[in-house]
Amino acid sequence: MKIATVVGARPQFIKAAAISRRLRAGAHPGLGEVIIHTGQHYDDNMSASFFTELGIPEPALNLGVGSGTQAEQTGRIMAALERALADVAPDLVLVYGDTNSTLAGALVAAKAALPLAHVEAGLRSFRPGMAEEVNRVVTDRLADMLFCPTEAARMNLAAEGRADAAHVVGDVMFDVFRHSAADLPADAILGEYGLATRKYALATIHRAENTDDPARLEVVLRALDQIGATLPLILPLHPRTRAAMARWRLAPKRLRIVEPQPYRRMLALLTRSAALLTDSGGMQKEAYFAAVPCVTLRDETEWVETVAAGWNRLAPPSLGADAIVSSALCAIGNRPAAAPAPIYGDGDAAGRILDIIAARV
Ligand code: UD1
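Note that the coordinates shown come from a computational prediction; the quantities given were computed from them, not determined experimentally.

Side note on the sheet that holds strand S9 (residues 233-236)
Overall, parallel pairing links the 6 strands, which are arranged S10-S9-S8-S11-S12-S13 in an open sheet. The sheet is open, and its two edges are formed by strand S10 (256-258) and strand S13 (312-314), each paired on a single side. Adjacent strand axes in the sheet meet at a mean angle of 20°, parallel and antiparallel pairs treated alike. Bridge analysis of strand S8 (residues 201-204) against strand S11 (residues 275-278) gives 4 bridges, and the strand direction is parallel.

Here is the structure:
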């Protein structure tokens, strides 16, 4: 059985690593994988470095679509992918997460009547007009197999009438974290930046809702800058955010701005930090895996379990910079007493996904 894996953006490379590794381990001899990279992310430090570091096989095809508006990017991926899938002739198309590459993969597979599997199904922000929410809802409507990281995700699908196709398998990002977290080069990286364990904060910002509104981005950056007065704050900068900061001439003085980090360097920075401030979905979970308090710079989160467990708190930028700073200081000063419970599976979501796929053929 030939699986066509469609990936395009940084978090998808990390997620895909879990299943690729499991396939290479040889436990599923009947299953083979062809990786198709849409080219949504193309900078070395947003793409190629993850393939090398995580040992993911070279994509068989790179569609090279690059950036564009929502419709341009999705449309270009669809046109190129339609041709690619006709050539590859897979038995199943596998998509991950909630990006424009996910949506395009789902639409093309569904229209070609190819079986479709979605990993990280059932996540919902319930925020109308959010690109990722549109991508998830449509993909989950079209997919034949819905692989949910949690029971909450399965319940969202059940409410939409899709319980029949849903399987709770755990989170593939936890698989990759477990595999990578053992011997991180944390001492060397902290030494390089002159940081001390739990004496600095880490931040990431890239969501369109934060970067495409100059007033909101100014609030977020001012809050991070204020936190930077209390303890060093290191910000690996996403290219979308870098472009927005240049466009609106936002240049906070106290932030330690660095390039997007490779996976294991980022995990090392995360695991030793006092807190994470982020609008990323994946990093909220990684903070939870690493028992690092998280402050989410959004109005809502899909990863509701992390908030319920006390390891994550929402700090909507609309409430202003002072509210973000208070949340961060509170998160740093009040680490939950109990270690995070294992709510994202046992580290072998990928094995479970492949067992279910194999049983379908
Ligand atoms: C996308 C996903 C988001 C995911 C994120 C991870 C969608 C709608 N959004 O957002 O869900 O969390 O990836 O990063 O698919 N750029 C570069 N080099 C790159 C990649 C991007 O310079 O390698 C710049 C381009 O100017 C581009 C902008 O970043 O226009 C945004 O990239 P895009 O792929 O549109 O979305 P992300 O913000 O990365």
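With respect to the packing of helix H7 (residues 172-180) against helix H12 (residues 263-271)
Contact geometry for H7 and H12: axes closest at 11 Å, N-to-C directions at 85°. As summarised for this structure, H7 and H12 are arranged roughly perpendicular, according to the angle between their axes. Of the residues in H12, those touching H7 at Val176, Phe177 and Ser180 are Tyr263, Arg264 and Leu267. Its residues assigned to classes, the contact of H7 with H12 comprises 4 nonpolar, 1 polar and 1 charged.

Overview of the packing of aromatic side chains
By the definition in use, this model includes 6 aromatic pairs. Between Phe177 and Phe289 the ring centres are 5.3 Å apart and the planes differ by 55°, which places this aromatic pair in the tilted class. Of the two residues, Phe177 is situated in helix H7 and Phe289 in helix H13 (residues 281-289); the sequence distance between them amounts to 112 residues. Summarising the burial analysis for this pair, Phe177 and Phe289 share the class buried. Between the aromatic rings of Tyr288 and Tyr344, the centroid separation amounts to 5.8 Å while the plane-to-plane angle is 85°, which identifies the pairing as edge-to-face. Taken together, the residues Tyr288 in helix H13 and Tyr344 in the loop between helix H15 (321-333) and helix H16 (349-359) connect sequence positions 56 residues apart. The exposure class assigned to Tyr344 is buried, which follows from its relative accessible area of 2%. One aromatic cluster is present, formed by Phe174, Phe177, Tyr288, Phe289, Trp303 and Tyr344 through successive ring pairs. Here the basic side chain of Arg247 rests over the ring of Trp248, its NZ or CZ set 4.9 Å away from the ring centre.

Things to note about the site of the ligand
What surrounds the ligand is a group of 20 residues, the closest being Gln40, His41, Asp43, Asn100 and Arg240. At 2.9 Å, a side-chain N or O of Gln40 approaches an oxygen atom of the ligand. One nitrogen or oxygen atom from the side chain of Asp98 is found 3.3 Å from an oxygen atom belonging to the ligand. When isolated, the ligand has an accessible area of 740 Å², and the protein chains bury 87% of it. Looking at the shell around the ligand, the elements that each hand over two or more residues are helix H3 (70-88), helix H5 (131-142) and helix H11 (239-247). For the shell around the ligand, the residue count by class is 6 nonpolar, 9 polar and 5 charged.

A short note on the sheet that holds strand S6 (residues 145-148)
If you trace the 7 strands from one edge of the open sheet to the other, you get S3-S2-S1-S4-S5-S6-S7, paired in parallel fashion. Either end of the sheet is taken by a strand with one partner, and the two such strands are strand S3 (61-62) and strand S7 (166-168). The pairing of strand S2 (residues 32-37) with S3 spans 2 bridges and is parallel. Within the sheet, the bridge partner assigned to Ile36 lies in S3 and is Leu61. Contacts from helix H1 (residues 10-24) reach strand S1 (2-7), S2, strand S4 (92-96) and strand S5 (116-119), with the element oriented near 135° to S4.

What counts and what doesn't
Here the residue index of a chain counts from 1 through its sequence in written order. Residue-level local features of this predicted model are given only where pLDDT is at least 70; pairs of side-chain atoms are given and counted only at 80 or more, and the full residue set underlies all totals for whole chains, interfaces and linings. Heavy atoms throughout the structure, all of them, feed into the side-chain values; hydrogens and water do not. Strands are labelled as partners when DSSP assigns at least two bridges between them. Where helices and strands are cited, they refer to DSSP runs of H or I of at least four residues and of E of at least two residues respectively, numbered from the N terminus. Between N-to-C directions, angles span 0 to 180 degrees; the directions come from axes that are lines fitted to C-alpha atoms, helices contributing only their stretch in contact. Roughly parallel means an angle under 35 degrees; roughly antiparallel means over 145; roughly perpendicular covers 65 to 115; every other angle is labelled oblique. Whether two residues touch is decided by their heavy atoms; if any such pair falls within 4.5 Å, the residues are in contact. Lys, Arg, Asp and Glu make up the charged group, whereas Ala, Val, Leu, Ile, Met, Phe, Trp, Tyr, Cys and Pro make up the nonpolar group; the residues left over, Gly among them, are polar. Any Phe, Tyr or Trp ring, taking Trp's six-membered ring, that has another such ring centre within 6.5 Å forms a pair; planes under 30 degrees apart are called stacked, those over 60 apart edge-to-face, and the others tilted. Exposure is judged per residue with a 1.4 Å probe applied to protein chains only, and the accessible area is read against the type maximum: over 50% gives exposed, under 20% gives buried, and values in between give partly exposed. We count a charge as sitting over a ring when the NZ of a lysine or the CZ of an arginine lies within 6 Å of the ring centre and within 35 degrees of the ring normal. Near, as used in this document, describes a residue that has one of its heavy atoms within 4 Å of the molecule or strand being considered. Whenever two N or O atoms come within 3.5 Å, that pair is a polar contact, provided that in protein one can donate a hydrogen and the other can accept it, and provided that, for residues adjacent in sequence, both atoms are side-chain atoms. Exposure was quantified through the Shrake-Rupley algorithm and a 1.4 Å probe, taking into account, for residues, occlusion by the shown protein chains and nothing else.

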